[in-house]
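As a plain string of letters, each chain reads:
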Amino acid sequence: MSMNTINQIKNSINRAMKSAFYQKHFSGVNVNDINSMENFRNLPFTDKEDLRDAYPLGLQATPDEEIVRIHSSSGTTGTPVIIPYTKKDVDDWSLMFKRCYETAGCTSLDRIHITPGYGLWTAGIGFQAGAELLGALAIPMGPGNTDKQIKMMIDLKSTVLCATSSYALLLAEEIEKRGVRDKIHLKKGVIGSERWGEKMRKRIAGELGVELYDIYGLTEIYGPGIGINCQKQDAMHIWTDYLYCEIIDPKTRELLPEGKTGELVITTLCKEGAPLIRYRTHDLTKIIPGKCECGMDFPRIATLIGRSDDMVKVKGAIIYPSRVDELLATIEGVSSEYQIMIDHLNGKDILTLFFETKETDSIRDLEKRVEQEFKRNISITPKVKAVGMGELPRSEKKSTRVFDNRY
Ligand code: ZN
């Protein structure tokens, strides 16, 4: 590890220590003692729960006059997390986002159709700032109103669609249903990173006729735009001039070597408003060793395989949603959309798998096949139920596949 990295990290810790949050979280830590990566790795992690305790502005690490904006992450439970940004933070984020669009091959001639939400959430405004810095035409749609989305897409000849995977799928299905595919000018989809299977990717790419790019990010660390996959397609490059990445075992919290799957932990190197040190993203991925064929030097992380808090244990078996994606992808007649319900009845865990299918004949045979494959690969016998296409909920935000009703 270069001397440069540890110096950047030390600078970031020094900035972080100006916040009420880190003064408490790192109390007893002398920043001057952190002279090596080994010392750095002894620092405590920062988790989302910790940030909630800093509500509302305990993370703020610069004087009020330097803060120009806040964003807030959508806490599913309880107190939100508020992240303050300086002018430089906002500019750095736009620069990273512009780099993402460039990596996906977008230019100032593109018309970028932005469906993620605007507001406290970091999504929409990040996509927009990057598009404007690139010099492209931003079309700030926000989510919802499918009629209007498709009308604007046709009339304005949008060339790039920015969306979550589940909203991109919904739009693809609507375009197909309305028979307007030949009026659509989309060439690329920039899809907010969440775990999504190869089958869903192929459907969106096929139905929209676009190349797809996974863009990575989280509100606590700027927002979307801190990494994206390149035209070589596999894995996402991460902008390590702004961020330092580690992969840890989510259970033991030990550092894992390159190539091993675990949880991504990020330290910001340049952030001023709210620097974060060893922030646990809970996203499961790995660092891909070696250099990418595209020639870019930025390191790569693999497409996310899930969240460490989505791993569920049923009857002793660990289930990653990504394994279910892969499994279903191998079975003909089964669509990419599925849901898993886990219940506890009469002292036993019961796993029910719902999947969508176009088939109308021999449904029972198809269910039986899914049951057998699931049992063979994941060592649990599920209850399997086929439903018609479009019956499972689509969401404009991240889709949830696994519902654990046991607790
Ligand atoms: Zn590359």
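Note that this is a predicted model, so its numbers are computed, not measured.

A. Structural detail: the sheet that holds strand E18 (residues 338-345). The four strands lie next to each other as E20-E19-E18-E21, forming an open sheet whose pairing is mixed. Because the sheet does not close on itself, it has two edges, and the strands there are strand E20 (383-388) and strand E21 (402-404). Ignoring which end each strand starts from, the neighbouring axes of this sheet average 20 degrees apart. Both E18 and strand E19 (residues 348-357) contribute to a ladder of eight bridges, which runs antiparallel. In the sheet register, Leu 345 faces E19, and the bridge partner there is Lys 348. Sitting on the sheet, helix H10 (residues 321-329) is in contact with E18, E19 and E21, with an inclination near 125 degrees to E18. Across the sheet, helix H11 (residues 363-378) is in contact with E19 and E20; its angle to E19 comes to roughly 130 degrees.

B. Spotlight on the coordination of the zinc ion. Protein coordination at the zinc ion: the donors are Cys 230 (SG), His 237 (NE2), Cys 292 (SG) and Cys 294 (SG), at 2.0 to 2.3 Å from the metal. Taken together, the four donor atoms coordinating the zinc ion span angles of 106 to 115 degrees at the metal, a pattern that classifies the geometry as tetrahedral. Between consecutive donor residues of the zinc ion, the sequence gaps follow C-x6-H-x54-C-x1-C. Highlighted residues: His 237 in strand E9 (residues 236-238) and Cys 292 in the loop between strand E13 (287-288) and strand E14 (300-301), separated in sequence by 55 residues. Note on accessibility: His 237 and Cys 292 belong to one class, buried.

C. Spatial organisation of H10. Along H10, the residues that are buried comprise Pro 321, Ser 322, Val 324, Asp 325, Leu 327 and Leu 328. Residues of H10 that are buried in the fold lie against helix H9 (198-208), strand E17 (317-319), E18, E19, H11 and E21.

D. Structural view of the packing of aromatic side chains. Taken as a whole and judged by the stated rule, the model has seven aromatic pairs. Pairing Tyr 22 with Phe 26 gives two aromatic rings, centres 4.9 Å apart and planes at 55 degrees, and the pair type is tilted. Given the relative accessible area of 1%, Tyr 22 is considered buried. For Phe 26, a relative accessible area of 0% puts it in the buried group. Both rings, one in Trp 239 and one in Phe 298, keep their centres 5.0 Å apart while their planes meet at 80 degrees; by these two values the pair is edge-to-face. Within this pair, whereas Trp 239 is found in the loop between E9 and strand E10 (243-248), its partner Phe 298 is found in the loop between E13 and E14, the two being separated by 59 residues in sequence.

Calculation criteria
- Residues numbered from 1 in each chain as written.
- Predicted model: local features only at pLDDT ≥ 70, side-chain atom pairs only at ≥ 80, totals over all residues.
- Heavy atoms only, no water.
- Pairing = 2+ DSSP bridges.
- Helix = DSSP H or I, 4+ residues; strand = E, 2+ residues; numbered from the N terminus.
- Axes fitted to C-alpha atoms, helices over the stretch in contact; angles between N-to-C directions.
- Contact = heavy atoms within 4.5 Å.
- Donors = N, O, S within 2.8 Å, 3.2 Å for Na, K, Ca; no water.
- Tetrahedral: all angles 85-135°; square planar, octahedral: opposite > 155°, others 65-115°.
- Buried < 20%, exposed > 50% of the residue type's maximum accessible area, 1.4 Å probe, protein only.
- Phe/Tyr/Trp six-rings, centres within 6.5 Å; stacked < 30°, edge-to-face > 60°.

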